[in-house]
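Each chain, letter by letter, is given below.
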Amino acid sequence: QNLLMRMNKNPKWYLFINIISSIALLLGCKFTNIKRRPILKHLLWIAMHLNEGALLSILGFIGGPIIIKAAIYTAGILGGISLISASASDEKVLKLGAFLGIGLGFLMGMSAIEFIYPSVGKSNLFQNLNIYGGLLIFGLQMAYDTKKVLIKAKDLNKEYDPINEQMNLYLNSINFFLDMIRLILKQQEEERKRRQQQQQNNNNNDNNRR
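Residues numbered from 1 in each chain as written. Predicted model: local features only at pLDDT ≥ 70, side-chain atom pairs only at ≥ 80, totals over all residues. Heavy atoms only, no water.

**Comments concerning the overall build of the protein chain**
Looking only at helices and strands, the protein chain features eight helices and zero strands. The 210 residues of the protein chain split such that 29% are buried. Residue pairs in contact within the protein chain that sit at least 24 positions apart in sequence constitute 78% of those at least 6 positions apart. By element, 63% of the accessible surface of the protein chain is carried by carbon and sulfur atoms, the whole surface being about 14200 Å². (Helix = DSSP H or I, 4+ residues; strand = E, 2+ residues; numbered from the N terminus. Buried < 20%, exposed > 50% of the residue type's maximum accessible area, 1.4 Å probe, protein only. Contact = heavy atoms within 4.5 Å. Areas by Shrake-Rupley, 256 points an atom, 1.4 Å probe, with all protein chains shown as cover.)

As structure tokens, then:
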């Protein structure tokens, strides 16, 4: 309870500390050789997941039904994308690398604008570009990374690290999941405003008849 109170009082510090620790654990795990230090590699991997879980725990305030709905959509869509990418005989999806890099840079720029200029981030056009753009980019990124993991796994001449190779898939899933939550919340807010407007119109019509 004390921890939740501190999180509520200092949400930006909580977010900042978790992001820094996430980056540190991610880099530490990625640069640890799985052949030389397998125990340390797995410990850092577990710590990274626990840290991400702590960061995402604040989503509990949104409500269980929304989170479950977003999780089901995320699992279904990304699972289907990965299956299609893994089953494809050609490697055309790997040509998307440059496009995906530009797209990710675009999303990072939009996030920075939203943070610096909150009034701009509240506009409907900006939110649509950010949410739908994020779903598109991370969906395509999942297809790209799935194919890349399979190609690297088949290359017996190079050392294969399954933990390092799955990290991009894991991060794609988290980002897609977060954008899916934002989309559901936005749709619910639009539905609420539509109902309020409809109720107001009905009340005005009743008043005019009287």
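**Some words on helix H5 (residues 97-116)**
Spanning 20 residues, H5 covers 29 Å between terminal C-alpha atoms, matching the ideal 28 Å at 1.5 Å per step. Of the residues making up H5, those classed as buried are Leu100, Gly103, Leu107 and Met110. Around the axis of H5, the buried residues are gathered within 80° of arc, so they sit on the same side. Facing away from the buried side of H5 by more than 90 degrees, the exposed set consists of Ala98, Ile102, Met108, Phe115 and Ile116. Where H5 is buried, its residues touch helix H7 (124-154). (Expected span 1.5 Å × (residues − 1). Arc of directions from axis to C-beta.)

**Quick notes on the pattern of salt bridges**
All chains considered together, the criterion is met by seven salt bridges. One salt bridge connects Glu191 with Arg194, and the closest N-O pair in it is separated by 2.4 Å. In this pair, Glu191 and Arg194 are both assigned in helix H8 (residues 162-209), three residues apart and thus about one turn of the helix distant. On the basis of relative accessible area, Glu191 is assigned to the partly exposed category, the value being 31%. What emerges from the salt-bridge pattern is a single network uniting Glu191, Arg194 and Arg195. (Salt bridge = Lys/Arg side-chain N within 4 Å of Asp/Glu carboxyl O.)

**Let's talk about the environment of Thr32**
Among the secondary structure elements, Thr32 is positioned in the loop between helix H2 (11-30) and helix H3 (38-56). Judged by relative accessible area, which is 10%, Thr32 ranks as buried. A C-alpha to C-alpha distance of 8.8 Å links Thr32 and Leu44, two positions twelve residues apart in sequence.

**Some words on the confidence of the model for the protein chain**
Should the pLDDT be low somewhere, the predicted coordinates at that spot are not to be read in detail. Counting all residues, the mean pLDDT for the protein chain is 81, and 89% of those residues have values of 70 or more. Looking across the protein chain, the model is least confident in helix H1 (residues 2-9), with a mean pLDDT of 50, and most confident in helix H4 (residues 64-87), with 89. (pLDDT = per-residue confidence, 0-100.)

**Section: the packing of H4 against H7**
Helix-helix packing: each pair is described by the crossing angle between the helix axes and the interaxial distance. Interaxial distance between H4 and H7 falls to 8 Å at its minimum, and their mutual angle equals 40°. Taken together, the axes of H4 and H7 lie oblique to each other. Crossing handedness for the pair H4 and H7: right-handed. Together, Leu78, Ile81, Ser82, Ser85 and Ala86 of H4 and Phe138, Gly139, Met142, Ala143, Thr146, Lys147 and Leu150 of H7 make up the contact between the two elements. For the contact of H4 with H7, the per-class residue count stands at seven nonpolar, four polar and one charged. (Axes fitted to C-alpha atoms, helices over the stretch in contact; angles between N-to-C directions. Parallel < 35°, antiparallel > 145°, perpendicular 65-115°, else oblique. Left-handed = near helix turned anticlockwise from the far one by under 90°. Nonpolar A, V, L, I, M, F, W, Y, C, P; charged D, E, K, R; others polar.)

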